[in-house]
Amino acid sequence: MELQDLKKSIDLEGFISEYGYQKNKFKSSKNIPVYENGNERLIIRQGNDCKIYYVAGSDEKGTVIDFVKNRPNLLKNCPAKNIFEQIKLFLNQYVGNRAAISHMATDINTETNVSFNADSFFFPKEKNINNTCFSYLKRRNIVQETLTSPVFNNIGLVKNKKNNQIYYNLAFPLFDEDNNIKGIDYRFFDQQGQNHKMFLPGSDKKHAIGISSSKQKNIKEIILVESPIDAMSHYQLRRKGKDDLLYMYFDGTICKEQINTFLNIINSMPSKPSITLGFDNDIQGNLTGQIYTLSILISLLTKDAVPYAFASNQKIKFTIDNKHKDIFSSILKNPEIEHTINENSFSIIFPKDKDIIFKITQNLSIENVKIEQSVCKDWNDDLRQTKELKNHPSRKL
């Protein structure tokens, strides 16, 4: 997808939320939301064909393209040489462009000759939320009890060095289906309060997924969310004190290979735990969370990895093997949903519309699979709002 299309397709508010910007409900008006990250404040307004951000107290403004361009650290691992090609490659992740994701993974791992090395990652003997290494979590409203829960054994640190000075960053490993670490997602706030999410060079983001603990036994529930921060936030809000569950997360745009990893892991489990889908509640904008939910539901039903793609006019498209056609008979009869049938597969195609997506989701009920959605955009936003309500009980969500 080209830059002109990307700026129209990507929900600016959802995008900046992934990089630590949180909506300040009390400074926002109905049509002009305000987002903050540390000392930086973004004011969002509707432009002619997309949303525009303005940095308070600065001349900086623009679309999602300008936002990325003005934050070069986001493009650190993008292999393209031209900055606009880098931005295009980076942003295509957020609209489910499989070719771009696959291309990025190939370029990072082969063309740049970067092999993954996890030697800098380790599990510390003690985890203290007040320690500088874990202060990132504290700023995201995660508490000590969550950090030290056996549900989250797979939280570690990476050792970095800059200007001959050693420092440590919070880190979350990504695993393949054989429980081997194949990638590291590490997080930090810089001195300006900017939230950064990075991957160690060579991380296999295409296949590996996050798993909250490698030591859990007698697992009764698997909860699938979008990020490790969502996992910890959901636990703190909805599962506090429980230890018979496991969180998994894709840590970015879902692709076919990651879904395969997820399916292989759950199919190899001796017990058959229930599954809860807790993706973001993207009520406005790109509805990514709802589309992810559909993708996993279809994959669980068919026992095949079925990622979403984009058809013409930015409609959503799922392509499914013909042997599963009977499962989708009622959906294929729905006049709001287009479909095509080929020799080996059929496709369902529909607008990016929350009501249509809801109807399709309702048609795909699976035993022992349920959906939980946050009230706000994501679970960490819910957690932040809950904390604000405790501090200011007269306010409402």
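Look a little higher up for the structure.
The structure presented is a predicted model; accordingly, all values stated were derived computationally and were not measured.

A word on the sheet that holds strand E2 (residues 34-37)
(1) Moving on: Taken in spatial order, the 5 strands of this open sheet run E1-E2-E3-E4-E5, and their pairing is antiparallel. Each having just a single partner strand, strand E1 (22-23) and strand E5 (61-62) make up the two edges of the open sheet.
(2) Moving on: Strand direction decides the pairing type here: strand E4 (residues 51-55) and E5, joined by 2 bridges, are antiparallel. For Tyr-54, the partnering residue across the bridge sits in E5 and is Lys-61.

Some thoughts on helix H12 (residues 354-363)
(1) Moving on: Here H12 has its buried residues at Ile-356, Ile-357, Ile-360 and Thr-361. In a view along the axis of H12, the buried residues occupy a sector of 135°, so they form one face of it. Among the exposed residues of H12, those oriented more than 90 degrees off its buried face are Phe-358 and Gln-362.
(2) Moving on: One side-chain oxygen of the residue at the start of H12 lies 3.0 Å from the amide nitrogen of Asp-355, identifying that residue as Asp-353.

Section: the packing of aromatic side chains
(1) Moving on: Inspection of every chain in the model, using the stated rule, returns 16 aromatic pairs.
(2) Moving on: Aromatic pair Phe-15 and Phe-90: ring centres 6.4 Å apart, planes at 85°, arrangement edge-to-face. On the criterion of sequence distance, the pair formed by Phe-15 in helix H2 (residues 12-17) and Phe-90 in helix H4 (residues 83-91) is long-range, its members being 75 residues apart.
(3) Moving on: Centroid distance Phe-122 to Tyr-168: 5.8 Å. Interplanar angle 85°. Geometry classified as edge-to-face. Here Phe-122 is found in strand E6 (residues 121-122), whereas its partner Tyr-168 is found in strand E8 (residues 165-175), with 46 residues between them in sequence.
(4) Moving on: Here the aromatic residues Phe-15, Tyr-21, Tyr-53, Phe-67 and Phe-90 are joined through ring pairs into a cluster of three or more.
(5) Moving on: One residue, Arg-71, lies across the ring of Phe-67, its end atom 4.0 Å from the ring centre.

A look at the sheet that holds strand E16 (residues 316-321)
(1) Moving on: Ordered by their spatial adjacency, 4 strands build an open sheet running E15-E16-E18-E17, and the pairing between neighbours is antiparallel. Where the open sheet ends on each side, the last strands, each with one partner, are strand E15 (309-310) and strand E17 (338-341).
(2) Moving on: Here E16 pairs with strand E18 (residues 345-350) via 6 bridges, running antiparallel. Pairing of Ile-320 across the sheet is with Phe-346, part of E18.

Description of the packing of helix H10 (residues 288-302) against H12
Helix packing for two helices is described by the angle between their axes and how far apart those axes are.
(1) Moving on: It is at 10 Å that the axes of H10 and H12 come closest, and there the two elements cross at 25°. When the axes of H10 and H12 are compared, the pair comes out roughly parallel. The hand of the H10/H12 crossing is left-handed. Where H10 approaches H12, its residues Gln-290, Ile-291, Leu-294 and Leu-297 are matched on the opposing element by Ile-357, Ile-360 and Thr-361.
(2) Moving on: Its residues assigned to classes, the contact of H10 with H12 comprises 5 nonpolar, 2 polar and no charged.

Quick notes on the pattern of salt bridges
(1) Moving on: Per the stated rule, a full pass over the model turns up 20 salt bridges.
(2) Moving on: Between Glu-36 and Arg-41 there is a salt bridge, with its nearest N and O atoms 3.1 Å apart.
(3) Moving on: In this structure Glu-36 comes out as partly exposed when scored by relative accessible area, which is 22%.
(4) Moving on: Its relative accessible area of 33% is what places Arg-41 among the partly exposed residues.
(5) Moving on: Residues Glu-372 and Arg-238 are paired through a salt bridge, measuring 3.2 Å at the closest nitrogen-oxygen approach.

Some thoughts on H4
Turn by turn, an α-helix covers 3.6 residues, leaving residues three or four places apart pointing in a common direction.
(1) Moving on: Residues of H4 that are buried include every one of Gln-86, Ile-87, Lys-88, Leu-89, Phe-90 and Leu-91, and no others.
(2) Moving on: Capping the start of H4, Asn-82 holds a side-chain oxygen 2.7 Å from the backbone nitrogen of Phe-84, two or three residues further along.

Concerning the environment of Gln-385
(1) Moving on: Note that Gln-385 resides in helix H13 (residues 379-391).
(2) Moving on: Given the relative accessible area of 8%, Gln-385 is considered buried.
(3) Moving on: For the pair Gln-385 and Lys-23, spaced 362 residues apart in sequence, the C-alpha to C-alpha distance is 9.6 Å.

The rules we used
- Residues numbered from 1 in each chain as written.
- Predicted model: local features only at pLDDT ≥ 70, side-chain atom pairs only at ≥ 80, totals over all residues.
- Heavy atoms only, no water.
- Pairing = 2+ DSSP bridges.
- Helix = DSSP H or I, 4+ residues; strand = E, 2+ residues; numbered from the N terminus.
- Buried < 20%, exposed > 50% of the residue type's maximum accessible area, 1.4 Å probe, protein only.
- Arc of directions from axis to C-beta.
- Polar contact = N/O pair within 3.5 Å; in protein donor to acceptor, adjacent residues only side chain to side chain.
- Phe/Tyr/Trp six-rings, centres within 6.5 Å; stacked < 30°, edge-to-face > 60°.
- Lys NZ or Arg CZ within 6 Å of the ring centre and 35° of its normal.
- Axes fitted to C-alpha atoms, helices over the stretch in contact; angles between N-to-C directions.
- Parallel < 35°, antiparallel > 145°, perpendicular 65-115°, else oblique.
- Left-handed = near helix turned anticlockwise from the far one by under 90°.
- Contact = heavy atoms within 4.5 Å.
- Nonpolar A, V, L, I, M, F, W, Y, C, P; charged D, E, K, R; others polar.
- Salt bridge = Lys/Arg side-chain N within 4 Å of Asp/Glu carboxyl O.

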